[in-house]
Amino acid sequence: MSTTTNARDLSPESVLAHAARARGDIFPEWKILAYASPQTYELVTHTGGYFHKYHGESSEVQQLSGPMRELIATPALCSKGDYRHAPNHVRRMYRMGLTNRVIMEAASAFSIVTGWATIANTGYAIMEANRADYGFGALPEGGEPKALTPFPELEMGRTRKGPASRHLLDSPEWRYAATIDAELARRGAAWVDHCLLSGGTRDELLGPGPRELIVIAALCTRGEVDLAVPHIRRAYDHGMTRRQVLEAISSIVPMTGMVSMQLGLRAMQRAERGASRTHSAKARRKSKRA
């Protein structure tokens, strides 16, 4: 992991070189900041580089892989219509060995929070990334990898350790919707269940656990603390760790700000308090039966 900013040469040229080494490439607009406030840009690299696990900025204790972080960050950019930077992230994912299929699975999961436009925007970012005249980031020869390079999360969160997963139609809001328009509720819930694999994993690349990490991050971009809580619990039920949830949330900070992280931490605290109360209640019932 890199040294602190206080120990670095904070000349504009030095901080630009550090950013290029960490990320692999930089956009020219960042040069404006580097010359105006080199310490600020150095902190962008130092902080964002850790969040995105860039070269020289990561730590051995981090759990979420670089590819998984990109599968969260890229739909976040696309949800904002950022067609300048999103194709650069697509090329980065290509260099990591990620295929269009896994990228679109991630975009679909993100879209239950931000809408189908996120899927379309991700497709557009892929198209732009494959254009010869897009000038940012190296495109691997041949473009999209022919085969997916495995990363750890592909094997994680594929089975549920807790009770059976609830379908969206089991929630109070969607039961209420069904009293007004049962077909609307059925179709809407079926879409969400499809994206989150509520019926279990078939031949999908990303299992329910990693998809929950994506949705949790997406909800934090919208400030939806209460809605994030059950998704955090579902991620835990599929074997994802607190650290993985935290790191998933950190992946969207460069797009939506540090407040998104604070909201995510608030949701994590609520999820864990609720789980602790449930565990205590079950223990008391078990003690009474004994």
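A.B. asks: I tried to follow the nonpolar core on my own but got confused; where do I start?
C.D. replies: General note: in soluble globular proteins, nonpolar side chains tend to be found buried as a group. Residues Leu71 and Leu206 are the most contacted members of the largest nonpolar core, which totals 54 residues. Considering each element in turn, this core owes the most residues, 8 residues, to helix 10 (residues 208-221). Other than its neighbours up to four places away in sequence, Leu206 contacts Met68, Leu71, Val102, Glu105, Ala106, Phe151, Leu154, Arg158, Leu197, Arg211 and Ile214. Of all hydrophobic cores here, the second largest spans 5 residues; its members include Val15, Ala19, Ala34 and Tyr41.

A.B. asks: Before we go on, may I ask you to explain helix 11 (residues 225-237) in this structure?
C.D. replies: An α-helical turn contains 3.6 residues, so a residue and the one three or four places further along point in the same direction. Compared with the 18 Å implied by 1.5 Å per residue over 13 residues, the 19 Å span of helix 11 between its first and last C-alpha is a close match. Taken together, the buried positions of helix 11 are occupied by Val225, Ala228, Val229, His231, Ile232, Arg234 and Ala235. Among the residues trailing helix 11, Gly239 stands out with phi positive, at a value near 90°.

A.B. asks: Mind showing me how you'd approach the packing of helix 6 (residues 100-114) against helix 10 here?
C.D. replies: Helix packing geometry: the angle between the two helix axes and the distance between the axes. Put simply, helix 6 and helix 10 touch, their axes get as near as 8 Å, and they point 40° apart. By the angle class used here, helix 6 and helix 10 are oblique. Our pair here, helix 6 against helix 10, has a crossing hand that is right-handed. Contacts between helix 6 and helix 10 pair Glu105, Ala106, Ala109, Phe110, Ile112 and Val113 from the former with Arg211, Ile214, Val215, Ala218, Leu219 and Thr221 from the latter. Here the contact of helix 6 with helix 10 is built from residues that sort into 9 nonpolar, 1 polar and 2 charged.

A.B. asks: How should unusual backbone geometry be read in this particular structure?
C.D. replies: Residues other than glycine predominantly adopt negative phi, and peptide bonds predominantly adopt the trans conformation. Although it is not a glycine, Lys53 sits at a positive phi angle of roughly 60°. Within the fold, Lys53 resides in the loop between helix 3 (38-51) and helix 4 (66-79). Even without a glycine there, the phi angle at Leu197 is positive, about 55°. Within the secondary structure, Leu197 is located in the loop between helix 9 (182-196) and helix 10.

A.B. asks: What should I look at first to understand the side chain of Ser260 in this one?
C.D. replies: Tracing the chain through its elements places Ser260 in helix 14 (residues 258-289). Assessed through its relative accessible area of 4%, Ser260 is described here as buried. Setting aside residues no more than four positions away along its own chain, Ser260 makes contact with Cys220, Thr221, Ile249 and Ile252.

A.B. asks: Before we go on, may I ask you to explain the packing of helix 10 against helix 12 (residues 242-250) in this structure?
C.D. replies: Contact geometry for helix 10 and helix 12: axes closest at 8 Å, N-to-C directions at 50°. In terms of orientation, helix 10 and helix 12 fall into the oblique class. The handedness of the crossing between helix 10 and helix 12 is right-handed. Where helix 10 abuts helix 12, its residues Leu213, Ile216, Ala217 and Cys220 lie against Gln244, Val245, Ala248 and Ile249. For the contact of helix 10 with helix 12, a count of residues per class yields 7 nonpolar, 1 polar and no charged.

A.B. asks: I would appreciate a short explanation of a nonpolar patch on the surface in the present structure.
C.D. replies: A grouping of Tyr83, Tyr124 and Met127 is seen on the molecular surface, where their side chains present a nonpolar patch of about 310 Å² in accessible area. Topologically, Tyr124 is positioned in helix 7 (residues 117-129). Note on Tyr124: relative accessible area 35%, which makes it partly exposed.

A.B. asks: Mind showing me how you'd approach the layout of surface pockets here?
C.D. replies: Over the atoms, a rolling probe the size of a water molecule traces out where space has been left empty. For the second largest pocket, the calculated volume is near 580 Å³. Around the second largest pocket, the lining is made up of 25 residues, and of these Arg23, Trp30, Val44, Tyr54 and Pro254 lie nearest the centre. Taken together, the residues of the lining of the second largest pocket sort by class into 14 nonpolar, 8 polar and 3 charged.

A.B. asks: Is there a simple way to explain the packing of aromatic side chains in this structure?
C.D. replies: Within a pair of aromatic rings, the relevant descriptors are the distance that separates the centres and the angle that separates the planes. Taken as a whole and judged by the stated rule, the model has 5 aromatic pairs. Between Tyr83 and Tyr124, the aromatic rings sit 4.9 Å apart at their centres with planes inclined by 70°, giving edge-to-face as the arrangement. Here Tyr83, found in the loop between helix 4 and helix 5 (86-96), pairs with Tyr124, found in helix 7; they are 41 residues apart in sequence, far enough to count as distant. On the basis of relative accessible area, Tyr83 is assigned to the partly exposed category, the value being 36%. Their ring planes at 85° and their centres at 5.7 Å tell us that Trp116 and Trp191 sit as a pair that is edge-to-face. A residue pair is termed long-range when its members are at least 10 positions apart, and Trp116 in the loop between helix 6 and helix 7 and Trp191 in helix 9 qualify at 75 residues. For Trp116, a relative accessible area of 59% translates into the label exposed. Using a relative accessible area of 26% as the deciding quantity, one classes Trp191 as partly exposed. Taken together, the ring pairs connect Phe27, Tyr134 and Phe136 into an aromatic cluster.

Cut-off values and rules
- Residues numbered from 1 in each chain as written.
- Predicted model: local features only at pLDDT ≥ 70, side-chain atom pairs only at ≥ 80, totals over all residues.
- Heavy atoms only, no water.
- Core = buried A, V, L, I, M, F, W, Y, C linked by side-chain atoms within 4.5 Å.
- Buried < 20%, exposed > 50% of the residue type's maximum accessible area, 1.4 Å probe, protein only.
- Helix = DSSP H or I, 4+ residues; strand = E, 2+ residues; numbered from the N terminus.
- Contact = heavy atoms within 4.5 Å.
- Expected span 1.5 Å × (residues − 1).
- Axes fitted to C-alpha atoms, helices over the stretch in contact; angles between N-to-C directions.
- Parallel < 35°, antiparallel > 145°, perpendicular 65-115°, else oblique.
- Left-handed = near helix turned anticlockwise from the far one by under 90°.
- Nonpolar A, V, L, I, M, F, W, Y, C, P; charged D, E, K, R; others polar.
- Patch = residues over 30% accessible without salt bridge, like charges linked within 9 Å, V, L, I, M, F, W, Y side chains within 5 Å.
- Areas by Shrake-Rupley, 256 points an atom, 1.4 Å probe, with all protein chains shown as cover.
- Salt bridge = Lys/Arg side-chain N within 4 Å of Asp/Glu carboxyl O.
- 1 Å grid on protein atoms, 1.4 Å probe; cavity = no way out; pocket = protein on both sides within 12 Å on 5 of 7 lines; lining within 4 Å.
- Points joined across faces, edges and corners; volume = space filled by probe spheres on them.
- Phe/Tyr/Trp six-rings, centres within 6.5 Å; stacked < 30°, edge-to-face > 60°.

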